[in-house]
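Coordinate inspection notes
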Amino acid sequence: MRNDERFEIERAFDLLPHVIGASWACVWFRLNGIKKPSVEDFRSKSLEYLVMLKKFEDVFPNEEKFLEINSYIKYRFADEIEKITEGKNPEIEKRYKRYIDYG
């Protein structure tokens, strides 16, 4: 698959973890009055909201012309989950620090 064929999916996965996951997690902690969640709790809550988007893995039909993009979507989703779990998603980590500092 050419890079230009997956460009938009790449951009979405660059944004979805922190725009959906971390943003919703921040709101959840704020409304529950939790000012200093642990980093593990923040990552877990971010993942909880990100995983709600798992249906996007099946957006495109299971047809030959979509096999590569479907495979890439599944790979990238799993990769993002792993990065967040291991603390290797810099945007999630940045959002956590910001919440702790300014929550």
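Keep in mind that what you see is a predicted model, and the values were worked out from it rather than measured.

All right, on to the overall build of the chain then. Counting its regular elements, the chain contains four helices and zero strands. From first element to last, N terminus to C terminus, the chain shows the α and β order α-α-α-α. For the chain, the C-alpha atoms occupy an extent of roughly 50 × 20 × 20 Å along the three principal directions. A buried classification covers 35% of the 103 residues belonging to the chain. Sequence separation of at least 24 residues holds for 70% of the intrachain contacts in the chain that already meet a minimum separation of 6.

Close contact between helix α1 (residues 3–31) and helix α4 (residues 90–102) brings their axes to 10 Å; oriented N to C, the two are set at 25 degrees. As summarised for this structure, α1 and α4 are arranged roughly parallel, according to the angle between their axes. As for the relative orientation of α1 and α4, their crossing is right-handed in sense. Contacts from Pro 17, His 18, Ala 22, Ser 23, Cys 26, Phe 29 and Arg 30 in α1 reach Glu 91, Ile 92, Arg 95 and Tyr 99 in α4. Among the residues forming the contact of α1 with α4, the class breakdown is six nonpolar, two polar and three charged.

Let us now look at a nonpolar patch on the surface. Taken together, Phe 56, Val 59 and Phe 60 make up a surface patch of nonpolar side chains, about 270 Å² in accessible area. By the element assignment, Phe 60 lies in the loop between α2 (39–51) and α3 (67–85). We classify Phe 60 as partly exposed; its relative accessible area is 31%.

Our next topic: the nonpolar core. Counting 20 residues, the largest nonpolar core has Ile 9, Phe 42 and Leu 50 as the members making the most contacts within it. Top element by residues in this core is α1. It accounts for six residues. Excluding residues that lie within four positions of it along the chain, Leu 50 makes contacts with Leu 16, Pro 17, Gly 21, Phe 77 and Ile 84.

The rules behind each value
- Residues numbered from 1 in each chain as written.
- Predicted model: local features only at pLDDT ≥ 70, side-chain atom pairs only at ≥ 80, totals over all residues.
- Heavy atoms only, no water.
- Helix = DSSP H or I, 4+ residues; strand = E, 2+ residues; numbered from the N terminus.
- Buried < 20%, exposed > 50% of the residue type's maximum accessible area, 1.4 Å probe, protein only.
- Contact = heavy atoms within 4.5 Å.
- Axes fitted to C-alpha atoms, helices over the stretch in contact; angles between N-to-C directions.
- Parallel < 35°, antiparallel > 145°, perpendicular 65-115°, else oblique.
- Left-handed = near helix turned anticlockwise from the far one by under 90°.
- Nonpolar A, V, L, I, M, F, W, Y, C, P; charged D, E, K, R; others polar.
- Patch = residues over 30% accessible without salt bridge, like charges linked within 9 Å, V, L, I, M, F, W, Y side chains within 5 Å.
- Areas by Shrake-Rupley, 256 points an atom, 1.4 Å probe, with all protein chains shown as cover.
- Salt bridge = Lys/Arg side-chain N within 4 Å of Asp/Glu carboxyl O.
- Core = buried A, V, L, I, M, F, W, Y, C linked by side-chain atoms within 4.5 Å.

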